[in-house]
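An overview of the molecular structure
For reference, the chains in residue letters:
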Amino acid sequence: MGVLRDAFGVRVPKAPGTDQPMLRRWPFAALSAALLIFNSPALTVSAMLGQFAIPAAVLLAGPVLWAWYRPVPAWCAMVAAVPLLNGLGMALDSPIPPQPWLLNQTLAQLPVMYTLALSSTRRVTIVAFAVTLAAGIAISLPQDVEPSRLARGLLAWTLSLLVAVILGHTRRLRRLATLQVAEEFGRRRLLEERARIARELHDVVAHHMSVIAVQAASAPYRIEGGVSEAVAGEFAAINAAARESLHDMRHLLGALRGSGEAPRTAPQPGLGDLGRLVESVRRAGVPVELMVTEPAPPLSPAESVTVYRIVQEALSNVVRHAPGARTTVSVRTDGDAVTVEVANERPAQPAGAAQPGAGLGLIGMRERVAAVGGALTAAANDGGGFTVHARLPMGDKGEQAPARTPAGDGGRSPEPPKGEDE
């Protein structure tokens, strides 16, 4: 029952990277109307169905329109129409009873089979194809038709259905391959972004370790009256551990950086560099207002660089997607946390072609916020613009970051398609 329920819930799949179905609705409506107009007189004249010609034409054209909404039920209606129409023709003593291999019925079956193959798994498609052939052959063989004509008709009908199924299934496989490539590309870029964040945090941690090493080495000489031999040994052990940690971190940074990237010696930006960042964005044509509470929030170096990168990425998105929109950047203390908000109004004119950016946008911001145990929201605001809001714990509360999945946006990643072609 579960398989049947899943099969009847199948819809036309969405195009990769969009929320729109791969197939448009209007071709189905147009084809269904054309079949209705074509079959109504054809069934009246050739099959001599009389007043039943229009209902019979609706029975042929209806599954085509239905296939866009529910491919599997539409196929069931198409298969059920085969014996119904044939039985109706025989009951009315039709000179040419409706046969599935005739052109007027084949044209109604091809789009349904194509949509079914595009939307369903290979197993469902094979079963549907076999059942369709079996139903058509079972209806056609007992008919009083010339054998050679019947053989040619059944062969052409079978090949037509097979071509429709192959085309639909091939397009479905291309869609799945595109989704898989896009997912792998997204995971790779996400890992690169996390490595970049780790390199920046390495600089902060390395600075602290260097201070520990220097202080531990100089402490015995700075303490008035000297220290005992045991205490001096403790300081020496602290100094040695700090230096060893620095040595290991350099190896770690080399692995994160890769062989083709030169080391960076410039200090990491922070809260104090927001003024220069905002000024550079103003020169790019975006009116930006910066508001930082006084006194400035007491942030650790890791938190400070996180605030800077959030504002930097948010302003980059404004420049790319809302050029010229009035923007407000706010950094304020909120209890034991710091709140960062970047809000822009509706742009005066829509943005042109998207320009490539260096980061990963919202995904990169979420990764940075998660690294310090904070939370981030990004959504359209009431004014028609966009607002990025981040809340970062200060001090010890931000040291434990929440667990994250290996890939994904905000800790969630789309599941790869599994078992769809079994």
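Described below are features of the structure shown in this document. All values derive from a computational prediction rather than experimental measurement. (Residues numbered from 1 in each chain as written. Predicted model: local features only at pLDDT ≥ 70, side-chain atom pairs only at ≥ 80, totals over all residues. Heavy atoms only, no water.)

To continue, consider the nonpolar core. Leu43, Trp75, Trp101 and Met113 are the most contacted members of the largest nonpolar core, which has 41 residues in total. Elements supplying a minimum of two residues to this core: α2 (25-45), α3 (53-66), α4 (71-91), α5 (103-119), α6 (122-140) and α7 (147-222). Not counting residues up to four positions away in its chain, the partners in contact with Met113 are Trp75, Met78, Ala128, Phe129, Thr132, Leu161, Ala164 and Val165. In terms of nonpolar packing, the next biggest core, distinct from the first, is built from 31 residues, Ala314, Leu315, Val329 and Val340 among them. (Core = buried A, V, L, I, M, F, W, Y, C linked by side-chain atoms within 4.5 Å. Buried < 20%, exposed > 50% of the residue type's maximum accessible area, 1.4 Å probe, protein only. Helix = DSSP H or I, 4+ residues; strand = E, 2+ residues; numbered from the N terminus. Contact = heavy atoms within 4.5 Å.)

Looking now at the pairing of strand β2 (residues 327-334). Examined bridge by bridge, strand β1 (residues 288-292) and β2 share five bridges and lie parallel to one another. From the neighbouring strand, Val292 faces β2, where its bridge partner is Val331. Regarding topology, helix α10 (residues 301-321) serves as the crossover connection from β1 to the parallel β2, and that connection is left-handed. The sheet contact formed by β2 and strand β3 (residues 337-344) spans eight bridges and is antiparallel. Bridge pairing links Val331 to Val340 in β3. Here β2 folds back onto β3 in antiparallel fashion, the turn holding two residues, of which Gly335 has a positive phi close to 70 degrees. (Pairing = 2+ DSSP bridges. Right-handed = clockwise from strand over helix to strand, strands pointing away.)

So, about a nonpolar patch on the surface. A cluster of nonpolar side chains, namely Leu155, Leu159, Leu162 and Ile166, defines an oily patch on the protein surface of about 360 Å² accessible area. Take Leu159: it is sitting in helix α7. (Patch = residues over 30% accessible without salt bridge, like charges linked within 9 Å, V, L, I, M, F, W, Y side chains within 5 Å. Areas by Shrake-Rupley, 256 points an atom, 1.4 Å probe, with all protein chains shown as cover. Salt bridge = Lys/Arg side-chain N within 4 Å of Asp/Glu carboxyl O.)

Glancing now at the sheet that holds β3. Read across the sheet, five strands follow the order β1-β2-β3-β5-β4 without closing on themselves; strand pairing throughout is mixed. Of all strands in the sheet, those bounded by a partner on one side alone are β1 and β4 (375-380). Averaged over all pairs of adjacent strands, the angle between their axes in this sheet comes to 10 degrees, without regard to strand direction. One ladder, built from six bridges, connects β4 with strand β5 (residues 386-393); its direction is antiparallel. From the neighbouring strand, Leu376 faces β5, where its bridge partner is Ala390. Lying on the sheet, helix α11 (residues 362-371) is in contact with β4 and β5; it crosses β4 at an angle near 155 degrees. (Axes fitted to C-alpha atoms, helices over the stretch in contact; angles between N-to-C directions.)

As a further point, take the packing of helix α9 (residues 274-283) against α10. Taken N-terminus to C-terminus, the directions of α9 and α10 make an angle of 5 degrees; their axes are 11 Å apart at the nearest point. Comparing the axis directions of α9 and α10 gives the class roughly parallel. Contact with α9, carried on its side by Leu274, Leu277, Val278 and Val281, involves Val307, Tyr308, Val311, Gln312, Leu315 and Val319 of α10 and no other residues of that element. Considering only residue class, the contact of α9 with α10 consists of nine nonpolar, one polar and no charged. (Parallel < 35°, antiparallel > 145°, perpendicular 65-115°, else oblique. Nonpolar A, V, L, I, M, F, W, Y, C, P; charged D, E, K, R; others polar.)

Right, let's talk about the pattern of salt bridges for a bit. On inspection of all chains with the given rule, the structure shows four salt bridges. In this structure, the salt-bridge partner of Asp273 is Arg276, at a minimum N-O distance of 1.9 Å. Arg391 serves as the salt-bridge partner of Asp336, at 3.8 Å between the closest nitrogen and oxygen. Of this pair, Asp336 sits in the loop between β2 and β3 while Arg391 sits in strand β5; the two residues are 55 residues apart in sequence, bridging distant segments of the chain. Its relative accessible area of 37% is what places Asp336 among the partly exposed residues.

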